[in-house]
Amino acid sequence: MTGLLIVDGMGKTFGSKRFLSMKPAYSVTALRNVSFTIAKGETVGVVGESGCGKSTLARCVLDLITPTTGSVLFDGTDLTALDPASKRKMRGRIQMIFQDPYSSLNGKRTIGKTLAEPLYVHQGVKFKDALPRIHAVLDEVGMPRSAVDKYPHEFSGGQRQRIAIARALILEPDLIVADESVSALDVSVQAQVLLLLRRIQQERGLSYLFITHDLGVVRNFCDRVLVMYLGSIVESGPVGELLSNPKHPYTKSLRDAAPIPDVGKRQSLALLEGEIPSPANPPSGCAFHPRCPRASEICLREAPALQATYDQRSFACHNPED
C-alpha cells in the first residue's frame, strides 16, 4: 500500500481490571483489523451508525489513544513507534476539527490566544510574533481580523466552526481529521463550511479523513468512502460507484435510508430492524447477520473476509447484493 496515510491492521480493545485481583473484568473491542490509505489531496469519508468505531478510529489515527494492534504510517513514519518528542513534531502535520464548535473552543480565552496556542506549543512562537499568521488564517477562513480580541460566545455556530478550522490550519498540516465537523450546524451553514474546506483543500493540497453519518455530505464531498459496522470495515470504494451499486446489505440499507432530494423520484426505504449489537458481546460469525435480510447459515458461523474487486472496491459479505 502507498499513500500519505497508511493504516494497516489497526485494532483497539478497551478493558477494565478488578481492584484486588487485577484480572480483566471485561474487554470491549472497538476496532477490528482496520486497513485503508489516504493519498495526498484525497478526501476519504467514514460512515456508519453511532457506536461503530468512527471516533475511535479518528483518535487512533491522531495517536490520542494508542491502537492495540496494527500500525499507522504517516508519510512513511510509524506514529505508534515514535517517542513523545518526535510525536509532538509529527502532530503538527496532522490536525483535527471536532464536532461541536461550542465545546471545542475555550470560552475563557480570546480567539487570538486560541489560535496562537498551537504555534507556541509546536514552534515556540510567542503571541506578538504569531499575529501576522493569525490574521492570515482568519482571512483564509472568511473571519474578520477583529475576532482576535473577542471570545467564542460572541460568534454563531458557523463562525465558531470557521475558527476551529483556522486553528487546524495555522500549523499548515498535510492531513486534517474532521470528526462530524458539520453535523452540529444548520444545513445552509453546513454547505458554506464544506465549500470552505473544499477551497482550502484545492489551494493547499490537503488530505481529509472525513467522519460523518450523512451520506449526502459523503456523496458531494468525498472521493472514497469506508463503511464501518461494529468496529470493522464492511465495504469501501469510490463514492459514486459504491452508493449507486452497494454490495454489502448494510451499505444498501444506509443508502436507502438517506432521502433523495428529488420529489420526482420514487424511493422505497429498506430500513434496518433492531439495533447495533454491543461490542462487548458481538454476535458469532458475521456481526451484521442478526439484522441482515440476506443472512444464511454460513453467516452465523463464519465471519466474511474483506475481498477486493476489479473496480478498486472491497466488501466483506457471504451473500453480496447483485
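You'll find the structure just up there.
Bear in mind the structure is a predicted one, so any value in this text is a computation, not a measurement. (Residues numbered from 1 in each chain as written. Predicted model: local features only at pLDDT ≥ 70, side-chain atom pairs only at ≥ 80, totals over all residues. Heavy atoms only, no water.)

Draft legend 1. Structural context of the side chain of E321. If you trace the backbone, E321 turns up in the segment after strand 12 (314-315). A residue is classified by how much of its surface remains accessible, and E321, at 15% relative accessible area, is buried. E321 has contacts with P246, K247, H248, P249, K252 and R294, leaving out every residue within four places of it along the chain. (Helix = DSSP H or I, 4+ residues; strand = E, 2+ residues; numbered from the N terminus. Buried < 20%, exposed > 50% of the residue type's maximum accessible area, 1.4 Å probe, protein only. Contact = heavy atoms within 4.5 Å.)

Draft legend 2. Layout of the nonpolar core. Ranked by size, the top nonpolar core spans 56 residues in total, and within it L115, I165, L197 and F210 carry the most contacts. By residue number, the principal contributor to this core is helix 6 (residues 187-204), which donates six residues. Not counting residues up to four positions away in its chain, the partners in contact with L115 are I134, V137, L138, I163, A166, R167 and I170. One finds L57, L62, I94 and L226 within the second-largest nonpolar core, a separate group that totals 29 residues. (Core = buried A, V, L, I, M, F, W, Y, C linked by side-chain atoms within 4.5 Å.)

Draft legend 3. Up close: the sheet that holds strand 10 (residues 232-238). Sheet architecture is open: eight strands sit in the order 6-7-8-3-9-10-12-11, paired in mixed fashion. One side of each edge strand has no neighbouring strand; the edge strands of this open sheet are strand 6 (94-97) and strand 11 (307-308). Running at roughly 170° to strand 6, helix 5 (residues 157-169) makes contact with strand 6 and strand 7 (175-179) of the sheet. Sitting on the sheet, helix 6 touches strand 3 (43-47), strand 6 and strand 8 (207-211), and the angle it makes with strand 8 is about 155°. (Pairing = 2+ DSSP bridges. Axes fitted to C-alpha atoms, helices over the stretch in contact; angles between N-to-C directions.)

Draft legend 4. Here's a closer look at the pairing of strand 10. Strand 10 sits mainly inside the fold: five of its seven residues count as buried. Here six bridges tie strand 9 (residues 224-229) to strand 10, and the two strands are oriented antiparallel to one another. The residue of strand 10 that forms the bridge with Y229 is S232. Following strand 9, the chain reverses through two residues before pairing antiparallel with strand 10; L230 in that reversal takes a positive phi of roughly 50°.

Draft legend 5. Fine view of the packing of helix 3 (residues 111-123) against helix 5. Following both chains from N to C, one finds helix 3 and helix 5 inclined at 25°, their axes separated by 8 Å at the closest point. When the axis of helix 3 is compared with that of helix 5, the two are roughly parallel. The chirality of how helix 3 crosses helix 5 is right-handed. Between helix 3, through I111, T114, L115 and P118, and helix 5, the contact on the second element is made entirely by I163, A166 and R167. Per-class residue counts for the contact of helix 3 with helix 5 are five nonpolar, one polar and one charged. (Parallel < 35°, antiparallel > 145°, perpendicular 65-115°, else oblique. Left-handed = near helix turned anticlockwise from the far one by under 90°. Nonpolar A, V, L, I, M, F, W, Y, C, P; charged D, E, K, R; others polar.)

Draft legend 6. Molecular detail of the side chain of Q201. With respect to the secondary-structure elements, Q201 resides in helix 6. A distance of 2.8 Å separates a polar atom in the side chain of Q201 from a polar atom in the side chain of R198. Once residues within four sequence positions are removed from consideration, Q201 is found in contact with G41, E42, T43, L206, S207 and Y208. (Polar contact = N/O pair within 3.5 Å; in protein donor to acceptor, adjacent residues only side chain to side chain.)

Draft legend 7. Just the environment of V218, in detail. Checked against the element boundaries, V218 lands in helix 7 (residues 215-221). By relative accessible area, V218 is classed as buried at 0%. Separated by 25 residues in the primary sequence, V218 and L243 have C-alpha atoms spaced 9.7 Å apart. Ignoring anything within four residues of it in the chain, the contact list for V218 reads V47, T212, V225 and V239.

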